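# Structural features, examined
Each chain, letter by letter, is given below.
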Amino acid sequence: MSSDSLATAASPALSPAPAAVAPRKLNILILGSGGREHALLRAALKSPLAGSVAVAPGNAAFEREAPCHPLDAADAPAVVALAKKLAADLVVVGPEAPLAAGVVDALEDAGIAAYGPRAAGSRLEASKVFTKEFLARNNIPTALGRSHTDLASALADLRTRSLPVVVKADGLAAGKGVVVAHTLAEAEQAAADMLEKRVFGDSGARVLIEDFLDGEEASIMLMVCRRRYVMLPASQDHKRVGDGDTGPNTGGMGAYAPADVVTPEVRRRVVEEIVEPTLAALEREGIDYRGTLYVGIMVTAGGPKVVEFNVRFGDPECEVLLPLLADDPVRLMWECATGSLGSGEREAGCGGEVPVKFRDGSAVIITLAAGGYPGTPRKGDVISLPAALPAETQVIAAGVARDAAGNLVTAGGRVLGAVAFGATLREAVDRAYALAAQIHFDGMHYRRDIAARQLNRRRAPAPLP
Ligand code: AMP
Ligand code: GLY
């Protein structure tokens, strides 16, 4: 973008922005079509910085809130052409595929600011082997792992490990490329499926075999501008389809934040041992990282360790984090995209955490899934929604379409999200379940124990007097 395109009146609702980013109304284009993008869309529509807001491709429910443009979000020339047509100042990239495909590179090369890392930084999600080697050479705590391209060496490695052991496809596999094997036979099968049967296509041409990390998982999302970052509250996803973490893995059946498994001590160690060394190493290795960095950690007896990095907001974590942010996420994304995050801070040159404000309270999302999910989901079931929403709740639309009669119908595995905010986690959970109880479609199923781990912890017996 040219600097003169930025020179109009400042918005009074925002704190003073650095001179490099004269605030003005921004035309925003959001890429993606799921629950995360619905949360981003709602945040953009609320932002005092927003001029026009559009989505590509979006979904049938978004159309009531903003114009949706059909498009393959990973098709870089098509995205650049649309962004130009809409005179977009900021393109917010929701999912990982466009990032890995270099959509941000193409937009920036065309002079359009984009929130999300370029292809080089996106390798932190697109290649688990790249990430494991990056972590190892920079002494960042993670499970010990080794990569293999042939089955014989993978099998030999497996025989040296204790159980459980983890087998991962190197590339993107829609969250399905990880097997935590409890027997050697299961691990060998997983390696053979990936390397020989190519069940994940070329994503499984290399596999990573790593030690199992024992502990409780949490996600920490950062909005990164090179060495400076905003750290959002820790959250916890629920990946298994069934209550009590049973059944197959899904894209995420619910989430809540803040997650107290990340105590102040764990948070301090995550910052010192993971976040700051990672951002310093990215810079040393010549990667200009601007966008979300999702740090998936295991809180083990030996401290926090990296399970995975993602290079975009988690879904459904994003849907509970944005409602907790009291500062304007659009301003933060704009500042990350334009390299100016925290440039007003005293020690801006050194990097480090940029403080922002959060609402006091908790947020919860319950995924309302289609019949059959996480197997092949039923499609076309008519969705019935309440006429009025309970206080502090919202419905997020992910896998939806309209039928010929104009009804909203199911069109994906994760159909809707019931989101609620509360002064306490209990209040947020009760509100989210009260909302879920008022929504219906044939085959709908959801977990009844979202956030139970933390609620139960709070019900622990009081210490003896
Ligand atoms: P990933 O796609 O790497 O995040 O892995 C998906 C899920 O597998 C994680 O969220 C964890 O629940 C589990 N997982 C992955 N790696 C490990 C590990 N080394 N130890 C224990 N669980 C793991
Ligand atoms: N909720 C996990 C993810 O977005 O990868």
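Look up a bit, the structure's there.
Residues numbered from 1 in each chain as written. Chains lettered and ligands numbered in written order. Predicted model: local features only at pLDDT ≥ 70, side-chain atom pairs only at ≥ 80, totals over all residues. Heavy atoms only, no water.

Here we take up the pairing of strand E19 (residues 393-397). The buried fraction of E19 is high, at 4 of 5 residues. One ladder, built from 5 bridges, connects E19 with strand E22 (residues 414-422); its direction is antiparallel. Bridge pairing in E22 links Gln394 to Val419. (Buried < 20%, exposed > 50% of the residue type's maximum accessible area, 1.4 Å probe, protein only. Helix = DSSP H or I, 4+ residues; strand = E, 2+ residues; numbered from the N terminus. Pairing = 2+ DSSP bridges.)

In this section: the side chain of Ser122. Along the chain, Ser122 falls in helix H5 (residues 119-126). Overall, the relative accessible area of 2% leaves Ser122 in the buried class. At 2.9 Å, the side chain of Ser122 and the backbone oxygen of Arg118 are in polar contact. Sequence-distant contacts of Ser122, defined by excluding residues within four places in its chain, comprise Leu99, Ala100, Pro117 and Val311. (Polar contact = N/O pair within 3.5 Å; in protein donor to acceptor, adjacent residues only side chain to side chain. Contact = heavy atoms within 4.5 Å.)

Below, the discussion takes up the site of ligand 2. As a structural note, the neighbourhood of ligand 2 is formed by Asp237, Gly251, Tyr294, Asn310, Arg312, Gly314, Asp315, Pro316 and Glu317. Arg312 places a side-chain nitrogen or oxygen 2.7 Å from an oxygen atom of ligand 2. Out of a free accessible area of 200 Å², ligand 2 has 89% covered by protein chains. Partitioning the shell around ligand 2 into residue classes produces 2 nonpolar, 3 polar and 4 charged. (Near = heavy atom within 4 Å. Areas by Shrake-Rupley, 256 points an atom, 1.4 Å probe, with all protein chains shown as cover. Nonpolar A, V, L, I, M, F, W, Y, C, P; charged D, E, K, R; others polar.)

Within the structure, ligand 1 sits among 14 residues, and Glu210, Leu213, Glu217, Lys239 and Glu308 are positioned closest to it. Taking Leu213, its main chain carries an N or O atom lying 2.8 Å from a nitrogen atom of ligand 1. In isolation ligand 1 exposes 470 Å². Once the protein is present, 90% of that is buried. Taken together, the residues of the shell around ligand 1 break down into 7 nonpolar, no polar and 7 charged.

Summarising the element assignment, Val364 is placed in strand E18 (residues 362-369). For the pair formed by Val364 and Val429, sequence separation is 65 residues and the distance between their alpha carbons is 6.1 Å. Excluding residues that lie within four positions of it along the chain, Val364 makes contacts with Ala255, Tyr256, Val320, Ala418, Val419, Ala420, Leu425, Ala428, Val429, Ala432 and Ile450.

On to helix H6 (residues 128-137), then. Of all the positions in H6, only Val129, Phe130, Thr131, Lys132, Phe134 and Leu135 are classed as buried. Along its buried surface, H6 packs onto H5, strand E5 (145-148), strand E8 (207-211), helix H9 (264-284) and strand E16 (303-310). Downstream of H6 by one or two residues, Asn139 has phi in the positive range, about 55°.

Attention now goes to the layout of surface pockets. Computed from the structure, the second largest pocket encloses a volume of approximately 410 Å³. For the second largest pocket, the lining is made up of 24 residues, of which Lys46, Leu322, Pro323, Leu325 and Gln394 are closest to its centre. Listing elements by their share of the lining of the second largest pocket, those giving two or more residues are helix H1 (35-46), E19 and E22. Ranked by the residues each element gives to the lining of the second largest pocket, the list is headed by H1, at 4 residues. Across the lining of the second largest pocket, the residue classes tally to 14 nonpolar, 3 polar and 7 charged. (1 Å grid on protein atoms, 1.4 Å probe; cavity = no way out; pocket = protein on both sides within 12 Å on 5 of 7 lines; lining within 4 Å. Points joined across faces, edges and corners; volume = space filled by probe spheres on them.)

Once that is clear, we can look at empty space enclosed by the protein. The gaps left among the atoms become clear once a water-sized probe is rolled over them. Enumeration according to the criterion identifies 3 cavities of 30 Å³ or more in this entry. The space that makes up the largest cavity amounts to roughly 60 Å³. Only E18 and E22 provide two or more residues apiece to the lining of the largest cavity. The element best represented in the lining of the largest cavity is E22, accounting for 3 residues. A class-by-class count of the residues in the lining of the largest cavity yields 4 nonpolar, 3 polar and 3 charged. Reported here for the second largest cavity is a volume of approximately 50 Å³. Counting residues per element, the ones that place at least two in the lining of the second largest cavity are H1 and strand E3 (90-93). Classifying every residue of the lining of the second largest cavity gives 7 nonpolar, 3 polar and 2 charged.

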